Amino acid sequence: ASATRRVMLAVAGVAGGLLVLAWQKFHSLHAWQTTRGAVVSAAPEEILVMRTRGGLLEVSRIHATEVFETTFSHSLLGVPVGETHPRIRVPVVYRYQVELAPEWNVLRTGREFTVIAPPVRPALPVGVDFRRMEKEASGTWILLPFTGDASLEDLERELTDKLAQKATLPAYLQLQRAAARQTLEEFVRKWLVTQAQWSTESGSTVRVYFADEMPDQLGPRS
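Quantities reported herein were computed from a predicted structural model and do not represent experimental measurements. (Residues numbered from 1 in each chain as written. Predicted model: local features only at pLDDT ≥ 70, side-chain atom pairs only at ≥ 80, totals over all residues. Heavy atoms only, no water.)

S.K.: What should I look at first to understand the nonpolar core in this one?
M.R.: Nonpolar side chains in soluble globular proteins tend to end up buried together. Membership of the largest hydrophobic core comes to 31 residues, with the highest contact counts inside it found for V59, Y94, Y96, V98 and L184. Breaking this core down by element, the ones donating at least two residues are β1 (56-69), β3 (79-99), β5 (112-117), α2 (144-157), α3 (159-167), α4 (170-193) and β8 (205-210). Ignoring sequence-local partners within four residues, the contact set of V98 consists of G55, L56, L57, V59, W104, P118, P119, V120, L184 and F210. (Core = buried A, V, L, I, M, F, W, Y, C linked by side-chain atoms within 4.5 Å. Buried < 20%, exposed > 50% of the residue type's maximum accessible area, 1.4 Å probe, protein only. Helix = DSSP H or I, 4+ residues; strand = E, 2+ residues; numbered from the N terminus. Contact = heavy atoms within 4.5 Å.)

S.K.: Sorry, what's going on with the environment of W141 here?
M.R.: Relative to the helices and strands, W141 resides in the loop between β7 (134-139) and α2. On the accessibility criterion, W141 (68% relative accessible area) is exposed. Counting along the chain gives 58 residues from W141 to E83, while the straight-line C-alpha distance between them is 9.1 Å.

S.K.: I would appreciate a short explanation of α2 in the present structure.
M.R.: Side chains three or four residues apart in an α-helix point the same way, a direct result of the helix having 3.6 residues per turn. An ideal rise of 1.5 Å per residue puts 20 Å on 14 residues; α2 measures up with 19 Å between its terminal C-alpha atoms. Summarising the contacts, the buried residues of α2 are in contact with β1, β2 (72-76), β3, β7 and α3. (Expected span 1.5 Å × (residues − 1).)

S.K.: Is there a simple way to think about unusual backbone geometry in this case?
M.R.: For residues other than glycine, phi is negative in most cases, and the peptide bonds are mostly trans. For the peptide bond that leads from L124 to P125, omega is 0°, which places it in the cis range. Structurally, P125 can be placed in strand β6 (residues 121-128). Positive phi values are uncommon outside glycine, yet L77 reaches one of about 55°. Relative to the helices and strands, L77 resides in the loop between β2 and β3.

S.K.: Sorry if this is basic, but what is going on with the packing of aromatic side chains here?
M.R.: What describes a pair of aromatic rings is the distance from one ring centre to the other and the angle between the planes of the rings. According to the stated counting rule, one finds 2 aromatic pairs in the structure shown. Between Y94 and Y172, the ring centres sit 5.2 Å apart and the planes meet at 80°, which makes this aromatic pair edge-to-face. Of this pair, Y94 sits in strand β3 while Y172 sits in helix α4; the two residues are 78 residues apart in sequence, bridging distant segments of the chain. There is no split in this pair, since Y94 and Y172 are both buried. Pairing W104 with F187 gives two aromatic rings, centres 6.2 Å apart and planes at 50°, and the pair type is tilted. Residue W104 is found in the loop between β3 and β4 (105-109), and its partner F187 is found in helix α4; the two are separated by 83 residues along the sequence. When its relative accessible area of 31% is taken as the criterion, F187 is described as partly exposed. (Phe/Tyr/Trp six-rings, centres within 6.5 Å; stacked < 30°, edge-to-face > 60°.)

S.K.: I keep staring at the pattern of salt bridges and nothing clicks. Help me out?
M.R.: Any two side chains of opposite charge can pair, on the condition that their charged atoms come close. In total, this model carries 13 salt bridges according to the counting rule given. Among the ionic pairs, R61 bridges to E58, the shortest N-O distance being 2.6 Å. Given a relative accessible area of 32%, E58 falls into the partly exposed group. R132 is paired through a salt bridge with D129; the nearest N and O atoms lie 3.6 Å apart. (Salt bridge = Lys/Arg side-chain N within 4 Å of Asp/Glu carboxyl O.)

S.K.: I keep staring at the environment of F113 and nothing clicks. Help me out?
M.R.: Within the secondary structure, F113 sits in strand β5. Given a relative accessible area of 1%, F113 falls into the buried group. Considered as a pair, F113 and V208 are 95 residues apart in the sequence and their alpha carbons are 8.4 Å apart.

S.K.: Would you explain the side chain of S151 in this entry?
M.R.: Looking at the element boundaries, S151 is found in helix α2. According to the relative accessible area criterion, S151 is buried, its value standing at 4%. A distance of 2.7 Å separates a polar atom in the side chain of S151 from the backbone oxygen of G148. (Polar contact = N/O pair within 3.5 Å; in protein donor to acceptor, adjacent residues only side chain to side chain.)

S.K.: Even after reading the chapter, I still don't get a nonpolar patch on the surface, so can you show me in this structure?
M.R.: Nonpolar side chains collect at one region of the surface, where L76, L77 and V81 lie side by side and expose about 350 Å² of accessible area between them. With respect to the element layout, V81 can be found in strand β3. Of the residues examined, V81 reaches a relative accessible area of 39% and is grouped as partly exposed. (Patch = residues over 30% accessible without salt bridge, like charges linked within 9 Å, V, L, I, M, F, W, Y side chains within 5 Å. Areas by Shrake-Rupley, 256 points an atom, 1.4 Å probe, with all protein chains shown as cover.)

S.K.: Is there a simple way to explain the environment of A117 in this structure?
M.R.: Among the structural elements, A117 can be located in strand β5. Once the C-alpha coordinates of A117 and V106 are considered, the two residues, 11 residues apart in sequence, prove to be 8.9 Å apart. Every residue in contact with A117, bar those within four places of it in the chain, is listed here: W104, L184, V208, Y209, F210 and A211.

Structure (structure tokens):
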């Protein structure tokens, strides 16, 4: 009996090896192929072009990789049966602008110009790099085949609003403030050169503040 068992095990091993070899050969032949055609886009049914009144000046950008996650709790007839945890990781670009239309206050003291610019506002919607988006769902394993994709789709639909909220966070506005200030200083300095009454000024200093900055943030010369 033991000899018969050894023979059966040997045959099973050989058969298994042949199956693995056959699969490798079959897989290497690329028997199943999918070819995508060109991506096309038809003319939109309706186009509405609107001008930006007064114009906008982009002053800064923040590149970040944001992670969003949540938890879905599932129950059957009121009895908890498990949870699903979708998670999305995506690179984004926050762009910040100032309006050119509002009045800008400029104070001149000798060769120093102090400018009070409009507050910085985020450009919406936030730019998202969908090509590098990473999505995964974890949780109760028996539920994932039924709830994983749906939970990720639900979370993805929230991204636009959640990113818009993050773009206005005080921490983000403060993070970009120095870069925005430098951009505006360059913009104002070039603008001053075009003004006849100030074009002869050389070595002028430009100080830029934003209208939403508190007085104690402006320093003693404010």
